[in-house]
Amino acid sequence: MITLLDYGAGNVRSVVNAIEKLGGTVQIASHPQDVINAEKLIFPGVGSFGSMMHILEKKNYVDPLKTFLRSGKPFFGICLGMQALFESSEEAPGIGGLGIFEGCVKRFQIEKAVPHIGWNGICIKKPSRIFKAAAGNEKFYFVHSYYVAPDNSDVILTTTDYGLEFVSSVAFGNITGTQFHPEKSGEAGLALLDNFIIDAGEASIPPTAASPTHLAKRIIACLDVRANDQGDLVVTKGDQYDVREKGSVRNLGRPVDLAARYYTEGADEITFLNITGFRDFPLEDMPMIKVLEETSKRVFVPLTIGGGIRDYVDKDGRQYSALEVASAYFRSGADKISIGSDAVLIAEAFLQLGKKTGKSAIEEISRVYGNQAVVISIDPRRVYVGAPKETRHPVLETTIPGPTGEKYCWFQCTIKGGREGRDMDATTLARICEELGAGEILLNCIDRDGTNSGFDIELINAVRGAVSIPVIASSGAGCVEHFHEVFAETDAEAALAAGIFHRREVPIADVKSHLDEKGVVVRR
Ligand code: 1PR
């Protein structure tokens, strides 16, 4: 029996699902005594260090946790659950951690995009039972802006390279902690968790070593979901956002089955977009909640959900905040939420007021769940001008002239699934959202969506150059060469595609083989 400490701050469902898939049984600790009585304890931390410690204090878990950790019984801390073992964190100055290990938690101060999001390797420093049957060159899923810095190097189990060599897992006695998420790291992560759940025997060191390690470029499968005219929830796909063909909504399959297929085919992440979210209240009959719950039982890589994340008043007059909508998604198995239309309106309000309010959906959700959990989905389209002075927006000189030969363009943000253009350009939106606390940009492109003509390299470079958070390039992928082009010609951290995967035109494995041949690091 595994006891899981859920302090109510995010996606613990994935950990429960992973343990159950491995044949283990889980008891969720609902009282401090449950922690003391646990035989094996897993602590999957989510959110921010300060809010985690605050909740642990409030719910009287701090002393029971320390008692458990000193008892010699097996403990596994994941992400923030590992960081909690240390004395303090730069994320929350003045707030103490559990102090089981001496040292602190530091923020990345590096040239690369922060958060560190994606699949990276581990360099193993000492034997552990969790490595039984591991090859040593596996990649695991990371998503964090802070890393642990132990005073005592004896506790270091692995390191990982990302701008610097940082400690990516610790172990001492029966206490193990990983910065990466084994429950989100596909088969490699599940194997590692399995070794903790069962008694994996002698500690071992895998045969191969990865040093230095490299962050892989991610390949993401995107599923646009909506109800079709018969009321069934289907995966659909538009051409430049038009999802109807001969009057009917294109039906490309069932959301959960398709997501499960992409997981087995090697997708590094799955994104669901509820494309009618701008007009429907997502918690009304909760179709996407069900989709997430079912998917997270079968898919062990990160899940993002977007569409309709904003404040609502339902038909009975009850108010829901965007944070409540997001929380419902996190509880159902989402790792990240994606905000589209509302992000544009938030950025417009920010520009008008000239300062942060602390109350926008982006700020509220990132405060509770961490920046890495908040993705901004941008739906831009090109607006051509003959000369820069014709617009107040930042323009670029484009190699793809406009319909009447215009040499300049800017990238106009849209809302409501591309139906409404706003007076804001995509680079400004991205920059403001980063300042408000977003952790990643999902950069679509209406001009390229569904065209199979390749990613809009100029757009991606413009937005990537405006922010220091990771950018997911989206829209237009038609063949494996397009993925190489986007990684060779931009600094995008991930590439997303929909149509070619749904129609089985290009398998994910072929994309990765091609990138591998071209020297782009991918997870295989
Ligand atoms: O505005 O917060 O409710 O979020 C709505 C979300 O739904 C936004 O993220 C918006 O991008 C998305 N959306 C709205 N309408 C559509 C539509 O198609 N009618 N889908 C839509 C956008 C997602 C793209 C697509 C890529 C790759 N499609 O990410 O998956 O363009 O396609 P491809 O590889 O086939 O070219 P809110």
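Note that residues are indexed from 1 along each chain, following the sequence as it is written. Side-chain atom pairs in this predicted model are given and counted only at pLDDT of 80 or more, local residue features only at pLDDT of at least 70, and totals for whole chains, interfaces and linings cover all residues. Side-chain metrics rest on all non-hydrogen atoms present in the structure, leaving aside hydrogens and water.

A. Structural view of the overall build of the protein. Helix numbers and strand numbers start at the N terminus; a helix is a DSSP run of H or I with at least 4 residues, a strand a run of E with at least 2. The helix and strand inventory of the protein stands at 16 helices and 30 strands. As a reference, a globule follows 2.2 Å times the number of residues to the power 0.38, and the radius of gyration itself is taken over C-alpha atoms. Computed over the C-alpha atoms, the radius of gyration of the protein is 23 Å, within 12% of the 24 Å expected from 2.2 N^0.38 for a compact globule of 524 residues. When burial is assessed residue by residue, the protein has 60% of its 524 residues classed as buried. Every residue pair with non-hydrogen atoms within 4.5 Å of one another is taken to be in contact. Taking the intrachain contacts of the protein between residues at least 6 apart in sequence as the baseline, contacts between residues at least 24 apart amount to 71%. Computed by Shrake-Rupley with a 1.4 Å probe, the accessible areas treat only the displayed protein chains as cover when residues are assessed. Surface summary for the protein: the accessible area is close to 20,500 Å², and the carbon and sulfur share equals 47%. Categorising residues by exposure relies on relative accessible area from a 1.4 Å probe, with only protein chains included: less than 20% of the type maximum marks a residue as buried, more than 50% marks it as exposed, and the intermediate range marks it as partly exposed.

B. Examining the nonpolar core more closely. Here the nonpolar core consists of buried residues drawn from Ala, Val, Leu, Ile, Met, Phe, Trp, Tyr and Cys, with membership extended through side-chain atoms lying within 4.5 Å. Counting residues in hydrophobic clusters, the biggest one holds 125 residues, and the most contacted among them are Ile270, Ile365 and Phe483. If we ignore the near neighbours within four places in the chain, the residues touching Phe483 are Ile219, Phe455, Ala477, Ala495, Ala497, Ile500, Phe501, Val511 and Leu515. Listed in part, the 33 residues of the second largest apolar core include Tyr7, Leu41, Val105 and Ile156.

C. Up close: the site of the ligand. Residues in close proximity to the ligand total 25 residues, the closest being Ser341, Ser377, Asp379, Asn444 and Asp449. One nitrogen or oxygen atom from the main chain of Gly340 is found 2.9 Å from an oxygen atom belonging to the ligand. Taken by itself the ligand offers 780 Å² of open surface, and the protein chains cover 98% of this. Looking at the shell around the ligand, the elements that each hand over two or more residues are strand S14 (218–227) and strand S30 (494–497). Here the term charged refers only to Asp, Glu, Lys and Arg, the term nonpolar to Ala, Val, Leu, Ile, Met, Phe, Trp, Tyr, Cys and Pro, and the term polar to all other amino acids, Gly among them. Counted by class, the shell around the ligand contains eight nonpolar, 13 polar and four charged residues. Definition of nearness: a residue and a molecule or strand are near each other if at least one heavy atom of the residue lies within 4 Å of the molecule or strand. Polar contact is defined as a pair of N or O atoms within 3.5 Å, subject to the rule that within protein one atom must be able to donate a hydrogen and the other to accept it, and that residues adjacent in sequence are counted only when both atoms are side-chain atoms.

D. Spotlight on the layout of surface pockets. A volume near 740 Å³ is recorded for the largest pocket. A pocket here means an open set of points on a 1 Å grid, computed over the protein atoms alone, that has protein on both sides within 12 Å along at least five of seven lines. A cavity is instead a set of points where a 1.4 Å probe fits but cannot get out; residues with an atom within 4 Å of a point line either one. Along the wall of the largest pocket there are 46 residues; nearest its centre are Asp224, Tyr241, Leu273, Ile275 and Asp379. Of all the secondary-structure elements, those providing two or more residues to the lining of the largest pocket are S14, strand S18 (269–274), strand S22 (336–339), helix H10 (341–353), S30 and helix H15 (499–502). Ranked by residues supplied to the lining of the largest pocket, first place goes to S14 with three residues. Split into classes, the residues belonging to the lining of the largest pocket amount to 13 nonpolar, 20 polar and 13 charged. Grid points are joined across faces, edges and corners, and a volume is the space filled by probe spheres set on the points.

E. Structural view of the environment of Pro150. Its location among the elements puts Pro150 in strand S10 (residues 146–150). The buried category is assigned to Pro150, whose relative accessible area is 16%. Note: C-alpha distance between Pro150 and Lys66 (84 residues apart in sequence) is 18 Å.

F. Main features of the side chain of Thr3. Mapped onto the secondary structure, Thr3 falls in strand S1 (residues 2–5). With relative accessibility at 2%, the residue Thr3 sits in the buried group. In terms of polar contacts, Thr3 uses its side chain to reach the side chain of Gln27, at 3.3 Å. The contact partners of Thr3, leaving out residues within four places of it in the chain, are Gln27, Ala29, Asp34, Ala38, Lys40, Leu41 and Ile42.

G. Main features of the packing of helix H12 (residues 426–436) against helix H13 (residues 457–464). Between H12 and H13, the shortest axis-to-axis distance is 9 Å and the interhelical angle comes to 35°. The two elements H12 and H13 cross, and the hand of that crossing is right-handed. Of the residues in H13, those touching H12 at Ala426, Thr427 and Ala430 are Leu459, Ala462 and Val463. Looking at the contact of H12 with H13 residue by residue, the class counts come to five nonpolar, one polar and no charged. Angles run from 0 to 180 degrees between N-to-C directions of axes, and those axes are lines fitted to C-alpha atoms, restricted for helices to the stretch in contact. Here a crossing is taken to be left-handed if its near helix is turned anticlockwise relative to the far helix by less than a right angle, and right-handed if that turn runs clockwise.

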